[in-house]
Amino acid sequence: MVMRSSPLPRMSRRGRVTIGVLVGVFVLFTLLGWGVNAWTDWLWFDEVRYTQVFTGVLATRLLLFLVVGVGMALIVAGNLWLAYRLRPRMRPHSAEQATLERYRMLLSPRLGTWIALASAVVGLFAGLSAQSRWTQWLLFRNGGDFGVKDPEFGVDVGFYVFQLPFWRYLLGVGFTAVVLALLGALAVHYVFGGVRLQGVGDRMTNAARAHLSSLVAVFVLLKAVAYVLDRRAMLLEYNEGAKLYGAGYADVNALLPAKEILAWISVLVAVAIIVFSNAVMRNLVWPGISLALLGVSAVAIGGIYPWAVQTFEVKPSARDKEAPYIERSIEATRSAFGLTAAKTTPYAASNLVPPASLATDTSVVPNVRLLDPQLVSETYTQLQQVRGFYDFGSKLDIDRYAVKDKTSDYVVGVREINYGELTDQQNNWINRHTVYTHGYGLVAAPANQVVCGGQPYFVSGFLGEKAQEACSSPTEEIPAQQPRIYYGERMEGDDYAIVGQTGDRNVEFDRPTSTGGEQYYTYTGEGGVEIGSFPRRLLYAIKEQESNFLLSEAVNENSKLLYVRNPRDRVEKVAPFLTLDGDPYPAVVNGRVLWIVDGYTTAATYPYAERVNLQAETTDELTGRGTFQLARENVNYIRNSVKATVDAYDGTVKLYSYDDTDPVLKAWNKAFGGDLVLPKGDIPPELAEHFRYPADLFKVQRNLLTKFHVTDPGDFYSGQDFWQVPNVPDAPDSGQKQPPYYLFTQFPGQEGPRFQLTSAVTPNGRQNLAALVSGSYVDGQPRLEVLELPDQTRISGPVQVHQQMTNNGDIRQQLNLLSSNQAQVQYGNLLSLPFADGMLYVEPIYVKSSSQDAYPLLQKVLLSYGDGGSYVVLANNLGDGIKQLVEQGRRAQTGTPPPPSDDDNTPPPSTGGTNTPPPLTGELAQAAGQVQAAIAEVKAAQASGDFERYGRALKALDEAMAAFQRAQAAANGSAGPAPSGSASPSPPASPSPSPSPNG
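Quick caveat: nothing in here was measured; it's all calculated off a predicted structure.

1. Focus on the overall build of the protein chain
Inference 1: Each helix and strand in the protein chain was counted, giving 26 helices and 34 strands.
Inference 2: A burial count over the protein chain gives 54% of its 999 residues as buried.
Inference 3: Here the contacts in the protein chain between residues at least 6 apart in sequence split such that 68% fall between residues at least 24 apart.
Inference 4: Per element, the accessible surface of the protein chain, about 44700 Å² overall, is 56% carbon and sulfur.

Below is the structure:
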């Protein structure tokens, strides 16, 4: 008797034990790590009182993992077992079967185990994939109607946003399950002789053919379902012909019918596969032909026919053919991104001469913001830091406060702990986590006021009971009853704090005292996870991999652990379904410092709406420099539906609904019990006063308005009226977009000053000003407004204005003097302000020396009115600049020549006598004024680099000179010399004292 050799060598008992131990250790540590993270997460959610989020997300993930994983495993296992049960009892002798015999011997004794193992692996990966779809499932379960129907099928938009994504996922799961079952069954049939590649007779048994053909038929039926869903999904696809999203002419008239035809063909093919394979011919010839016909039909009907319609019918007259579908995209995009209510107002900007009302204005000029929150962050750090480990960040924030019955905007910053700035002596575990636990104070300064050589005028956030600095307010004008900052933007994920001490001894560093000492403090807030017990200390010792939780005396029975201390991270953990704005900001509300975070609900399946990438649309000069960069999320629907707050002292998180009509927010609130987000009516009025139009939403809306302000389909197709966002004015070659800026000001058509976010836009491919876009809140509702200038306006855009102002000969000389002696000139925000049917531009000039620990000081203010180059001044402060602009305007209107520049030592040209010539009057004065204006236009055109404009300006100057000579001849009887000079009087060249406190 010949003994058959085992197909595989048996492993020794020691080897099996070793592998078992290693697998057990791996599973143990994996489960331990998962358990520790889950337990500590529960404790954290319990601290912030949002356990419904933890349990809801966890339960949903587990449910999807089990349902999809088990379902996929059962489908695969059932088909593998069925294939084995259908194996032939007798197999013909052949070399192929002899080779397969060893595998049959390996599999047969433990076939159930092998099937269970393979199915478990498939189910594991399917479950892991499914649990990540928890957001789609919750929206599928809880989503409602939008009340808006798509323009093609008349189906509510809610189907596309809430239902379609999950249906498409389930369809993908079905395809995967059938394909895996088919491949697995084919392999089993082959191993056990149901399918043969060699030998005489049929290559496939009747049972194997029936099994495999049924799986193929199910696959084809799923393809029919896919065609049906594809018809709806076509409203989300990109239309290459119109360069927009949504089904176009060829899609609606060719591809949609083709998809329907292909769906019916798929059903017929599935039936044909079953019938011809098992009932009629009992072979695979006709089923194969049916599949081939389906493939040919898909190419011909679903590919070639729509291509032919697009090429030969649409392209020759695309403007007319695509017009209805372009209109659909325009309407859907404006609705999905909240642009429908945007109010567009024509603004002629025809006044090019500074009006006298500039000097007496009380709504725009007094509120002009001079402090740039990006530049003065260094100034705040140097003047208000006090200790090296305090930090204000690389960009401050803008908010408004009513102080002494007057509302104005303030530049605000929080004095936080920057753990990266601790010295080596300070940066041990005890100091880092139990001593240096918090910052102190919200520091604010009026945005339109500087003192003491260009410094901000600090009014709050003082470390003592009252300000000690001579250049600050003597008292707290924005008082905070609890100024300590335990939660802030400078705190990263591992910057946890352990607070709570025994006895009367305080160990937390609080603030330096006026006597040179240090004050210490013990946390008394409600925030933090209690870790006084040994199990809790052990738990967090494992989580943080830090033995000091168990060994250090700093951790006692009263200790609490504060972690997840960044306000944006804190809100994101509480509301993982929200997309958060990249610029949280602090505010003092009822005596407490609160972080305000704007939350967005988004969707990517709004039919016909434009799809944008949030990261690309919101990136500008400030991204990563005080603002967080958003993720690369593609969306075509967005609402600022939530205003979240985080208490800087105790970490309390509150979510307030700010758009009660948003269906997406309603679905999420319903998914987590209905009370996750507080209603809008619960927002305290004192908090609502500090809400501001969110920056990232505004950027998205502004960028879309550059195209979608055009509502006529024909004009949209031509693209001639599109706008663009200008680059940074003082660095246009950097390619970075100019950030929008917050202002407390009044625009034309507004009843009074508002706190609004503003941005200038220019025509596509040009640099003159096209419009001003602003976002604000009026009576608690968002208001998006557009001041649109005429197409052929002479008003320059931000880049042109900056170049014209800084290239002015007199101004360039003064700027060169400011930047001499190892000093650097820095340009602040260039503000575009509509005023008196014209444009006022203001750009603060900072000077920073190259010495160590130097900080920028506001030294000058650049101002321009009109087209940006005709009337330009560089003044010591805003008040002087306004006076100089008004004087320039008066002289231009009266024809009075400007006085000589203060730094010009050249005597005036001799007139042949010693008497002062009489002032010009009548027609001669008017002609002289025209000459002055023409000279200013020549300078502006030359600075702008626009040669066409320069040529027109020279021609106008020649005509003005000729008119002046004729008027002079008429007045004197002879032709006199032509006048010379500049329409802009030269400001003093030498630097003068800093701007006055009133700006």
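On we go.
2. Let's talk about the environment of Pro355
Inference 1: Along the chain, the position of Pro355 falls in the loop between strand S3 (343–346) and helix H12 (376–384).
Inference 2: Contacts of Pro355, omitting those with residues within four sequence positions, involve Phe835, Ala836, Tyr865 and Val886.

3. Some thoughts on helix H16 (residues 567–574)
Inference 1: For H16, the full list of buried residues reads Pro567, Arg568, Arg570, Val571 and Val574. Seen end-on, H16 carries its buried residues on one side only, within an arc spanning 160 degrees.
Inference 2: Of the residues flanking the start of H16, the one acting as N-cap is Asn566, its side-chain oxygen 3.0 Å from the backbone nitrogen of Arg568.

4. Considerations on the pattern of salt bridges
Inference 1: Here the structure, examined in full by the defined rule, presents 30 salt bridges.
Inference 2: A salt bridge links Lys395 to Asp397; the nearest nitrogen and oxygen atoms lie 3.5 Å apart. Each member of the pair Lys395 and Asp397 is classed as buried.
Inference 3: Here Asp650 and Arg592 are joined by a salt bridge, their closest N and O atoms 3.6 Å apart.

5. Remarks on the pairing of strand S30 (residues 823–827)
Inference 1: Extensive coverage of S30 is indicated by the burial of four of its five residues.
Inference 2: In this sheet, strand S32 (residues 838–849) lies alongside S30 in antiparallel orientation, the contact comprising five bridges. From the neighbouring strand, Gln826 faces S32, where its bridge partner is Tyr846.

6. Digging into the packing of helix H6 (residues 157–191) against helix H7 (residues 206–233)
Inference 1: At their nearest, the axes of H6 and H7 sit 10 Å apart, and the two run at 160 degrees to each other. With respect to H7, the axis of H6 lies roughly antiparallel. H6 and H7 meet at a crossing whose hand is left-handed.
Inference 2: Considering only residue class, the contact of H6 with H7 consists of 23 nonpolar, three polar and three charged.

7. Digging into the sheet that holds strand S16 (residues 529–530)
Inference 1: One open sheet holds the three strands; their spatial order is S13-S17-S16, and the pairing between them is antiparallel. The open sheet has two edge strands, strand S13 (497–499) and S16, and neither has a second partner.
Inference 2: Across two bridges, S16 lies against strand S17 (residues 560–562) in antiparallel orientation. Residue pairing across strands places Glu530 opposite Lys560, the latter belonging to S17.

8. A look at helix H24 (residues 878–894)
Along an α-helix, residues three or four positions apart point the same way, because every turn accommodates 3.6 residues.
Inference 1: A rise of 1.5 Å per residue sets the reference length of H24, with its 17 residues, at 24 Å; its end C-alpha atoms lie 24 Å apart and thus fit the reference within 8%.
Inference 2: Regarding H24, the residues found buried are Leu878, Gly881, Ile882, Leu885, Val886, Gln888, Gly889, Arg891 and Ala892.
Inference 3: At the N-terminal end of H24, a side-chain oxygen is found 3.1 Å from the backbone nitrogen of Gly879, two or three residues along, and the residue is Asn877.
Inference 4: One or two steps after H24, the chain reaches Gly895, where phi turns positive at roughly 80 degrees.

9. Observations regarding the packing of helix H11 (residues 323–336) against helix H20 (residues 695–708)
Inference 1: The N-to-C vectors of H11 and H20 enclose an angle of 160 degrees; their axes lie 11 Å apart at closest approach. Of the possible angle classes, the one that applies to H11 and H20 is roughly antiparallel. In the packing of H11 onto H20, the handedness of the crossing is left-handed. Residues Ser329, Ile330, Thr333 and Arg334 of H11 form the contact with H20, whose own contacting residues are Leu704, Leu705 and Phe708.
Inference 2: A class-by-class count of the residues in the contact of H11 with H20 yields four nonpolar, two polar and one charged.

10. A short note on the sheet that holds strand S6 (residues 406–414)
Inference 1: On the basis of which strands lie adjacent, the open sheet formed by three strands has the order S5-S6-S9 and antiparallel pairing. The sheet terminates laterally at strand S5 (397–403) and strand S9 (442–446), the two strands that pair on one side only. Going across the sheet, the axis of each strand differs from the next one's by a mean of 45 degrees, ignoring polarity.
Inference 2: The strands that H12 touches are S6 and S9; relative to S9, the one it contacts most, it runs at about 120 degrees.

11. Focus: the nonpolar core
Inference 1: One finds Leu655 and Leu863 to be the most contacted residues of the largest nonpolar core, which totals 210 residues.
Inference 2: What Leu863 contacts, discounting residues up to four positions off in sequence, is Met805, Leu840, Tyr841, Val842, Tyr871, Val872, Val873, Ala875, Leu878, Gly881, Ile882 and Leu885.
Inference 3: Counting 26 residues, the second-largest nonpolar core is a separate cluster that includes Ala349, Leu789, Leu818 and Tyr841.

12. Some points on a nonpolar patch on the surface
Inference 1: A contiguous nonpolar patch, built from Leu32, Phe534, Leu538, Ile542, Leu550 and Leu551 and spanning about 540 Å² of accessible area, is present on the exposed surface.
Inference 2: Going through the elements one at a time, helix H14 (534–544) and helix H15 (548–551) are the ones with two or more residues in the nonpolar patch.
Inference 3: When residues in the nonpolar patch are grouped by element, the largest group, three residues, is from H14.
Inference 4: Among the structural elements, Leu551 can be located in helix H15.

13. Structural notes on the packing of aromatic side chains
Inference 1: Within this structure, the stated rule accounts for 43 aromatic pairs.
Inference 2: Between Trp81 and Tyr84, the aromatic rings sit 5.7 Å apart at their centres with planes inclined by 40 degrees, giving tilted as the arrangement. In this pair, Trp81 and Tyr84 are both assigned in helix H2 (residues 51–85), three residues apart and thus about one turn of the helix distant.
Inference 3: Given a relative accessible area of 13%, Tyr84 falls into the buried group.
Inference 4: With 5.8 Å between their ring centres and 40 degrees between their planes, Phe146 and Phe162 make a pair best called tilted. Placement of the pair is Phe146 in the loop between helix H5 (134–142) and H6 and Phe162 in helix H6, with a sequence separation of 16 residues. Side by side, Phe146 and Phe162 carry an identical accessibility label, which is buried.

Conventions adopted
Numbering of residues begins from 1 in every chain and follows the order in which that chain's sequence is written. Given that the model is predicted, a residue must reach a pLDDT of at least 70 before its local features are reported, and side-chain atom pairs must reach 80 or more before they are shown or counted; all residues, however, enter totals for whole chains, interfaces and linings. The basis for every side-chain value is the complete set of non-hydrogen atoms in the structure, without hydrogens or water. Numbering goes from the N terminus for both helices and strands, where a helix is a DSSP run of H or I of at least four residues and a strand is a run of E of at least two. The classification of residues rests on relative accessible area computed with a 1.4 Å probe and restricted to protein chains. Under 20% of the type maximum is buried, over 50% is exposed, and intermediate values are partly exposed. In what follows, residue pairs with any heavy atoms lying within 4.5 Å of each other are defined as contacts. With residues, only the protein chains shown are counted as cover, and all accessible areas are computed by Shrake-Rupley using a 1.4 Å probe. This arc corresponds to the set of directions leading from the helix axis out to the C-beta atoms. Polar contact criterion, stated in full: a pair of N or O atoms within 3.5 Å, where within protein one must be able to donate a hydrogen and the other to accept it, and residues adjacent in sequence count only if both atoms are side-chain atoms. Criterion for a salt bridge: a side-chain nitrogen of Lys or Arg within 4 Å of a carboxyl oxygen of Asp or Glu. A pair of strands is considered paired only if DSSP assigns at least 2 bridges between the two. Here, axes are lines fitted to C-alpha atoms. For helices the fit covers the stretch in contact, and angles between N-to-C directions go from 0 to 180 degrees. Comment on the angle field: the value is read as roughly parallel under 35 degrees, roughly antiparallel over 145, roughly perpendicular from 65 to 115, and oblique elsewhere. Left-handed describes a crossing in which the near helix is turned anticlockwise from the far one by less than a right angle; the clockwise case is right-handed. All amino acids are sorted into three groups, where Ala, Val, Leu, Ile, Met, Phe, Trp, Tyr, Cys and Pro are nonpolar, Asp, Glu, Lys and Arg are charged, and the leftover types, Gly among them, are polar. The length a helix should cover is 1.5 Å for every residue beyond the first. The nonpolar core is taken to be a set of buried Ala, Val, Leu, Ile, Met, Phe, Trp, Tyr and Cys residues, with the residues joined through side-chain atoms within 4.5 Å. Think of a patch as exposed residues, more than 30% relative accessible area, with no salt bridge, where like charges cluster within 9 Å and nonpolar side chains (Val, Leu, Ile, Met, Phe, Trp, Tyr) cluster within 5 Å. For Phe, Tyr and Trp, rings pair up if their centres lie within 6.5 Å, where Trp contributes its six-membered ring, and each pair is then called stacked (planes under 30 degrees apart), edge-to-face (over 60) or tilted (otherwise).

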